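# Topology and contacts: notes
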Amino acid sequence: MTNRLLLISSQQELCMRMTSLFVDSSAKAFSVESVASISAALNPPPHCDVRAILVDSDLPELEDLQAISALLRTLPPLPLIVLGDDTNEPQRIQMLASGVQEYLLKSSLDCAAIARSVRGAIARKNRDNLLFGENERAQVILRSIGDAVVSTNKAGSVTYLNPVAEKLIGWTNKEAAGRDLMDVFQVIDGTTRERIVPQMKSEVKKGRTMILPPNCILVARDGQESPIEDSAAPIYDRARQVAGMVVVFHDVSESRAMTQQITHLAEHDILTSLPNRALLVDRLDQGIVLARRHERQLAVLFVDLDHFKRINDSLGHLVGDQLLKAVSQRINRCVRGSDTVSRQGGDEFLVLLTEIGKGEDPAIVAEKIRLAIIEPFSIADHYLHLSVSIGVSVYPDDADNAESLIHCADTAMYHAKEKGRNNIQYFKDEMSVRAAERQFITEGLRLALSRGEFVLEYQPKVNLTSGEISGIEALVRWQHPQRGLLYPSSFIPIAEDCGLIIPIGQWVLHEACVQAHAWHAAGLAFGTMAVNISAVEFRSDRFYEGVRNVLRTTGIKAHCLELELTETAVMRDYDATSVVLRALSGIGVRIAVDDFGTGYSNLSYLKRFPINTLKLDRSFVNDVPKNADVSTIVRSVIEMAHSLNLQVVAEGIETEQQLDFLRAHHCGEGQGFLFNRPMNAAKCQTLLVNGAEFCRTRGRRCAPSIKGSVKVAATHRLKSIAGAN
């Protein structure tokens, strides 16, 4: 295949001469065609089989070198060969320097020389094109990568900055070109403030790649400092001699900030930004090492907010979260900078006191914290009051490792709660026994429901005038697989603390209503079935719906159910309590206040809430009639209740004297061992059957107008019932 050479010349003689050179020569691989001007050569552009372009230097269009440059930019990427004169050596040199591949003398043109020059020019142009493409690709890569790149020559002068380097350093590529790297690229050791570039140059001259230390800082042209990660590597020539250096670096400000943030999140509580348990344990481990080495003490305080869940439940988690932030700030203000305040989650905080000097120092700090927390908080237009229970453990007296110290402080904190809350307790060995007992009960409670270990016993309420059974109270018991029958006082407080009281309470309410409906269906009349409701249950968002669901599923009439709540439960959060009580009363459920007199003793709520019954606490009944002051209180409560149309039930009646006093002052109902102890469902059913028969046959003989006859009849009746059981 013949390769075409395109000649651009306005001299007809030159064109004919060039064409004839290849007609009868051995270099038939080439042929020449000519055009008279550059514009004619470009319109249309040369065909793909044109291998080189020959240009006559005498063209009017080539009066200066700018025309050559323009021609090179306009023509396709083909080798350009100029045909010039012998005498114009300066022109030859300039054209070759401007990008012309070859300069041939018109006076010595021959076929072989032209063919040889063309082949050489084509080869060089191909190499140039390849190098240009590689260079363009490299430039695109250097401009696109996220790293900054600086290159120098052998003398250490800057030859190139990519855009990222320009931005970080503050010098443009044009401004930096030819300057010493020391002037443009200022890097210092972040610790010693020594300059790093001299060391880089020294290492690269030895042919070594240098990775900069991790604390290097780039000082930009405007003086701004940025942490960087950097490496410097030598550039070699063909002789494997160091011909320069390339430095690659990037700003690590964002990545370090992100790393610090991730580390902070891993070690700190998100809400309060306090150290979390993991970080506190780490600091506690270090503190123990130092305390052991210097024979010193340290202390751990376990701080738990009292009744915080009530605030969360009543006002919402947003208010609760703001309150926790405020609490963390107050605790922080009570300790030294060398101490650590940590949030464990929920409303629990741990405080590490390092280098305590005296045994009483932890108590002093704990008391500061307690006093700081009991000051009112103003959160989102709410005026909130809190108290704290604080447990204290001391190294090395109580334990010699972090987890044990925390456990001891936790145990002491629970002891503070058992002591009435809002106090401080130091750990003592005997607390471990109680803590183990508590843990044993807690673990058992988690399985008791699924294993069917809870049972109900029933205790009748008696009309103190007629002697008839006027109601029954359902009482929960735990048939423990190892310990036998356990009473509520041994497990209900723990169930309240660990959250299990709600499912237990739901079970009790459901089972009691099922039994009441069965007795009613059997024709046994006993008034109401009373069920004790924990304050924790009552505050549950789904309590009202839970009661309605039980009434619906068991079939018991609402007026046959009486819910017994303590004064404490009734008086917490007046607005929420009022809504729930009125809703329950609206569907017919009766409300009783249990253990009256042991709680707030604020009689105003008796008028504001739909309450039907007051249950006089056994602690009052126990002291009548022997204690005159208590007797006066009991008499006043009964009179007050009657004035409010409330029924009064006396709890814990055990003697004839107590019964006489209560009857004499018109107390309507009572319950206690004098009448019956709590019993299982079967015995209670027998009592109901016999009691109803007794009322039909002998109850009419009771004559309240005859002094003592009611008491005798009732006593005889109860003894007869007991004998029947």
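Please refer to the structure placed before this passage.
I will try to describe carefully the structure that is included in this document. Keep in mind that this is a model prediction, so the values were computed, not measured. (Residues numbered from 1 in each chain as written. Predicted model: local features only at pLDDT ≥ 70, side-chain atom pairs only at ≥ 80, totals over all residues. Heavy atoms only, no water.)

### Considerations on unusual backbone geometry
- Of note, the bond from Y395 into P396 is cis; its omega dihedral lies within 30 degrees of zero at 5°.
- Along the chain, P396 turns up in the loop between strand 18 (388-395) and helix 15 (402-418).
- Here the residue pair V624 and P625 is connected by a cis peptide bond, since its omega of 0° sits within 30 degrees of zero.
- With respect to the helices, strands and loops of the structure, P625 is situated in the loop between helix 24 (618-621) and helix 25 (628-643).
- The backbone phi angle of H307 is positive, close to 55°, even though this residue is not glycine.
- Mapped onto the fold, H307 is located in the loop between strand 13 (297-305) and helix 12 (308-315). (Helix = DSSP H or I, 4+ residues; strand = E, 2+ residues; numbered from the N terminus.)

### A word on the sheet that holds strand 14 (residues 340-345)
- The five strands are arranged 14-15-13-18-19 in an open sheet whose pairing can be described as mixed. Edge positions in the sheet fall to strand 14 and strand 19 (424-426), since each of these pairs with one other strand and no more. Neighbouring strand axes in the sheet, compared pairwise and without regard to direction, differ in orientation by 20° on average.
- Here strand 14 pairs with strand 15 (residues 348-356) via five bridges, running antiparallel. Looking at the pairing, S342 lines up with L350 of strand 15.
- Seen against the sheet, helix 13 (residues 317-333) touches strand 13, strand 14 and strand 15 and runs at an angle of roughly 10° to strand 15. (Pairing = 2+ DSSP bridges. Axes fitted to C-alpha atoms, helices over the stretch in contact; angles between N-to-C directions. Contact = heavy atoms within 4.5 Å.)

### Some remarks on the pattern of salt bridges
- As enumerated under the stated definition, the model contains 23 salt bridges in all.
- Salt bridges here are not isolated pairs; linked through shared partners, they connect E418, R421, R438 and D497. (Salt bridge = Lys/Arg side-chain N within 4 Å of Asp/Glu carboxyl O.)

### Section: the sheet that holds strand 5 (residues 102-105)
- Reading across the sheet, the five strands line up as 2-1-3-4-5 and stay open at both edges, with parallel pairing between neighbours. Edge strands, defined here as strands with exactly one partner in the open sheet, are strand 2 (30-35) and strand 5. This sheet shows a mean twist of 25° between the axes of neighbouring strands, independent of strand direction.
- Bridge count for strand 1 (residues 3-8) against strand 3 (residues 50-56) is five bridges, and the pairing is parallel.

### Digging into the pairing of strand 26 (residues 613-616)
- Across the two faces of strand 26 the burial is the same, with T613 and K615 and L614 and L616 all buried.
- Here strand 26 runs beside strand 27 (residues 647-651); their pairing, made up of four bridges, is parallel. Of the residues in strand 27, the one forming a bridge with T613 is Q647. (Buried < 20%, exposed > 50% of the residue type's maximum accessible area, 1.4 Å probe, protein only.)

### Brief notes about the nonpolar core
- With 82 residues, the main nonpolar core has L445, M529 and L662 as its most contacted residues.
- Here this core takes eight residues from helix 18 (residues 501-521), the largest share from any one element.
- For L662, the residues in contact, after removing those within four places along its chain, are L464, V621, V634, I638, A650, I653 and C667.
- L305, V319, C334 and A372 belong to the second-largest nonpolar core, a separate cluster that totals 33 residues. (Core = buried A, V, L, I, M, F, W, Y, C linked by side-chain atoms within 4.5 Å.)

### A word on the environment of R124
- Counting through the fold element by element, R124 comes out in helix 5 (residues 111-144).
- For R124, a relative accessible area of 27% puts it in the partly exposed group.
- Sequence spacing of R124 and Q101 is 23 residues, and the spatial spacing of their C-alpha atoms is 7.4 Å.
- Leave out the neighbours within four places in its chain, and R124 touches Q101 and E102.

### Observations concerning the packing of aromatic side chains
- For the coordinates displayed, the defined rule picks out eight aromatic pairs.
- Relative to F491, the ring of F454 has its centre 5.9 Å away and its plane inclined at 45°; by these criteria the two rings are tilted. One end of the pair, F454, is in strand 20 (residues 454-463); the other, F491, is in the loop between strand 22 (484-486) and helix 17 (492-498), and 37 residues separate them in sequence. Per residue, the accessibility class of F454 equals that of F491, and both read buried.
- One aromatic cluster is present, built from ring pairs that chain together F454, W478, F491 and W507.
- In this structure, R221 is placed above the aromatic ring of W171, and the distance from its NZ or CZ to the ring centre is 3.8 Å.
- Taking the ring centre of F673 as reference, the NZ or CZ of R677 above it sits at 3.9 Å. (Phe/Tyr/Trp six-rings, centres within 6.5 Å; stacked < 30°, edge-to-face > 60°. Lys NZ or Arg CZ within 6 Å of the ring centre and 35° of its normal.)

### Concerning helix 9 (residues 197-205)
- Within the sequence span of helix 9, burial applies to V197, M200, K201, E203 and V204. Around the axis of helix 9, the buried residues are gathered within 165° of arc, so they sit on the same side.
- Buried residues along helix 9 sit in contact with helix 8 (181-184), strand 8 (186-189), strand 9 (210-211), strand 11 (225-236) and strand 12 (242-251).
- Two residues or fewer after helix 9 comes G207, characterised by a positive phi angle close to 80°. (Arc of directions from axis to C-beta.)

### What about the environment of H559?
- Looking at the element boundaries, H559 is found in the loop between helix 20 (543-554) and strand 24 (561-566).
- Classification of H559 by relative accessible area gives exposed; the value is 51%.
- Between the alpha carbons of H559 and S585 there is a distance of 9.0 Å; along the sequence they are 26 residues apart.
- Among all residues touching H559, those that are not within four sequence positions of it are T528, G588 and R590.

### Here we look at the environment of N463
- Relative to the helices and strands, N463 is located in strand 20.
- A residue is classified by how much of its surface remains accessible, and N463, at 25% relative accessible area, is partly exposed.
- When the C-alpha positions of N463 and Q671 are compared, they lie 9.0 Å apart, and in sequence the two are 208 residues distant.
- Apart from the residues within four sequence positions on either side, N463 is in contact with E468, S470, G668 and E669.
- For N463, the side chain forms a polar contact with the main-chain nitrogen of T465, separated by 2.8 Å. (Polar contact = N/O pair within 3.5 Å; in protein donor to acceptor, adjacent residues only side chain to side chain.)

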